[in-house]
Amino acid sequence: MVITRSGLVLGATAVTLSTIAVAGLGIHSQGQALFKESPKEIVDEVWQIIYRQYVDGTFNQVDWQAVRREYLDKSYTDKEQAYKSIREMLKKLDDPYTRFMDPKEFQNMQVDTSGELTGVGITIGLDEETKKLTVIAPLEDTPAFKAGILAKDVITKIDGKSTKGMDTNQAVTLIRGQPGSKVRLTISRNGKETDYLITRAKIEIHPVEYSQKQTPAGNIGYIRLKQFSANASKEMREAIRTLEKKNVDGYVLDLRNNPGGLLFSSIEIARMWLKDGTIVSTIDRKGLVEKETANGRSLTEKPLVVLVDQGSASASEILSGALQDNKRAVLVGSKTFGKGLVQSVRPLDDGSGVAVTIAKYQTPSGTDINKLGIKPDVKVDLNEEQRQNLWLKEREKLATLQDPQFAKAVEELRKTIAAQGNTRAGKN
């Protein structure tokens with residue numbers, strides 16, 4: 001999970017097991033002395049943040065005033081007692097995305113400006129229905145990806161410790177570690193448990209890859225967007241401009257296994273493809289709607305097909321939903337992950353932090369995709385064996401005509417290009 005310029009995050013991306021971006025937030029050392037004098041201060045600070053910002057004014061049917069009385073009536077002799085109470089307090093909301101992070105956990109989210117990440121390379125979250133620790137998506141070419149971890153995998157144990165009742169912060173603490181060290185993840189997939197021994201590493205991520213491809217649809221620009229990081233929009237702009245100079249006939253934008261990331265990045269990238277129209281709406285607890293729209297500065301109007309699958313989450317769903325609802329692109333693949341919550345990450349005076357669900361987002365047509373996902377216009381599902389082969393064993397087939405989803409994307413693109421050609425011919 002990463003923070004946006006405006007302080008908003010997408011709950012969909014949950015926690016990436018690496019160093020995560022938290023931009024523009026200062027931690028005040030002055031507050032540390034205050035906290036040492038009164039651990040109760042931090043409990044009330046978190047309560048106040050929830051009281052002012054939480055997306056549901058009923059606090060999910062919890063008497064939040066009574067919660068304050070309960071936890072401020074307690075005596076705290078050290079910060080660990082306060083931290084324990086804060087976690088208990090937030091658990092009453094029954095919201096896996098509103099969570100407290102002690103200073104070490106909060107540090108795990110801080111940005112490394114070099115773009116080099118340390119971890120195993122998976123994005124995880126608690127399934128809202130089962131409350132199980134679930135893989136949203138592995139980051140491509142990372143240790144977890146190479147080990148065979150897949151989207152929707154359930155992590156049942158970490159180094160033999162059960163994840164039942166464990167939140168994402170606790171899981172991150174257990175999974176993170178020094179590069180070169182190992183962690184054993186027990187994965188449940190289709191009812192079968194398998195152990196994966198993964199070596200932690202430093203990971204350098206370039207979010208955009210692109211190439212020119214000669215296909216039955218013509219000269220196609222292929223762009224793969226791996227995640228919505230701080231430099232994703234810059235790299236996307238470079239990719240489109242380069243491919244435009246090569247006079248491509250159309251584009252395939254691949255968002256498969258993209259777990260999301262920065263909200264502002266998804267909006268900026270959407271504006272590169274959309275000339276006009278709404279991109280996304282966010283709705284707070286007062287029902288106030290804030291809309292992000294295109295700005296008339298699209299980089300291309302050529303035909304576009306977007307590839308999505310069950311690992312496409314959060315910011316990926318904002319982008320694909322905007323392109324689908326505005327009829328700018330045809331979506332091909334499988335139903336997306338289905339996470340539509342927006343969070344604010346707040347630093348606290350002692351160096352800890354709290355993530356609070358403050359809004360939900362909707363696609364331009366007013367669709368709430370949380371827990372539901374986005375359905376592609378053209379459905380091409382891959383079974384588990386096909387996914388394993390394509391993404392792990394036979395990577396050379398990815399984004400070729402031997403890739404069933406890409407092949408269908410090319411077919412759909414050919415139809416669109418032909419239809420546009422006929423329209424132009426008719427006007428002549």
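Residues numbered from 1 in each chain as written. Predicted model: local features only at pLDDT ≥ 70, side-chain atom pairs only at ≥ 80, totals over all residues. Heavy atoms only, no water.

Engineer: Honestly, the nonpolar core in this entry has me stumped. Any pointers?
Structural biologist: For soluble globular proteins, the rule of thumb is that nonpolar side chains tend to be buried together. Ranked by size, the top nonpolar core spans 63 residues in total, and within it W64, I223, L225, M236, L253 and W273 carry the most contacts. Dropping the residues within four chain positions of it, W273 is found in contact with I223, M236, I240, Y251, L253, S298, T300, L304, L323 and R328. Ranked by size, the runner-up nonpolar core spans 18 residues in total, among them I158, M166, I187 and Y196. (Core = buried A, V, L, I, M, F, W, Y, C linked by side-chain atoms within 4.5 Å. Buried < 20%, exposed > 50% of the residue type's maximum accessible area, 1.4 Å probe, protein only. Contact = heavy atoms within 4.5 Å.)

Engineer: What exactly am I supposed to notice about the sheet that holds strand β12 (residues 208-215) here?
Structural biologist: In a beta sheet, neighbouring strands are held together by backbone hydrogen bonds and run either parallel or antiparallel to one another. The strand order across the open sheet built from six strands is β12-β13-β14-β17-β18-β21, with neighbouring strands paired in mixed fashion. One side of each edge strand has no neighbouring strand; the edge strands of this open sheet are β12 and β21 (378-379). Each of β12, β13 (218-225) and β14 (250-254) touches helix α8 (residues 232-245); the most contacted strand, β12, lies at about 25 degrees to it. (Pairing = 2+ DSSP bridges. Helix = DSSP H or I, 4+ residues; strand = E, 2+ residues; numbered from the N terminus. Axes fitted to C-alpha atoms, helices over the stretch in contact; angles between N-to-C directions.)

Engineer: Please clarify how the environment of P364 should be interpreted in this entry.
Structural biologist: Within the secondary structure, P364 is located in the loop between β20 (353-362) and β21. Remark: the alpha-carbon pair of P364 and E292, spanning 72 residues in sequence, is separated by 9.4 Å. Beyond its immediate sequence surroundings of up to four residues, P364 is in contact with T278, I279, G321, A322, D325 and N326.

Engineer: Please clarify how the confidence of the model for the protein should be interpreted in this entry.
Structural biologist: Detailed reading of the predicted model is not advised wherever pLDDT is low. On average, the protein scores 86 in pLDDT, and the residues at 70 or more come to 87%. Note that residues 1-9 has pLDDT below 50 and, in this model, 46 contacts with residues that lie over four places away or in other chains. Scored below 50 in pLDDT, residues 111-115 makes eight contacts in the model with residues more than four places away or belonging to other chains. (pLDDT = per-residue confidence, 0-100.)

Engineer: Is there a simple way to think about the pattern of salt bridges in this case?
Structural biologist: Think of it this way: side chains of opposite charge can pair up when their charged atoms draw near. Applying the stated criterion to the full structure yields 23 salt bridges. K379 is the salt-bridge partner of D381, the closest N and O atoms lying 3.4 Å from each other. Here D381 falls in the partly exposed class, since its relative accessible area comes to 44%. One continuous salt-bridge network, built from bridges that share partners, spans E140, D141, R224, D254, R256, R395 and D403. (Salt bridge = Lys/Arg side-chain N within 4 Å of Asp/Glu carboxyl O.)

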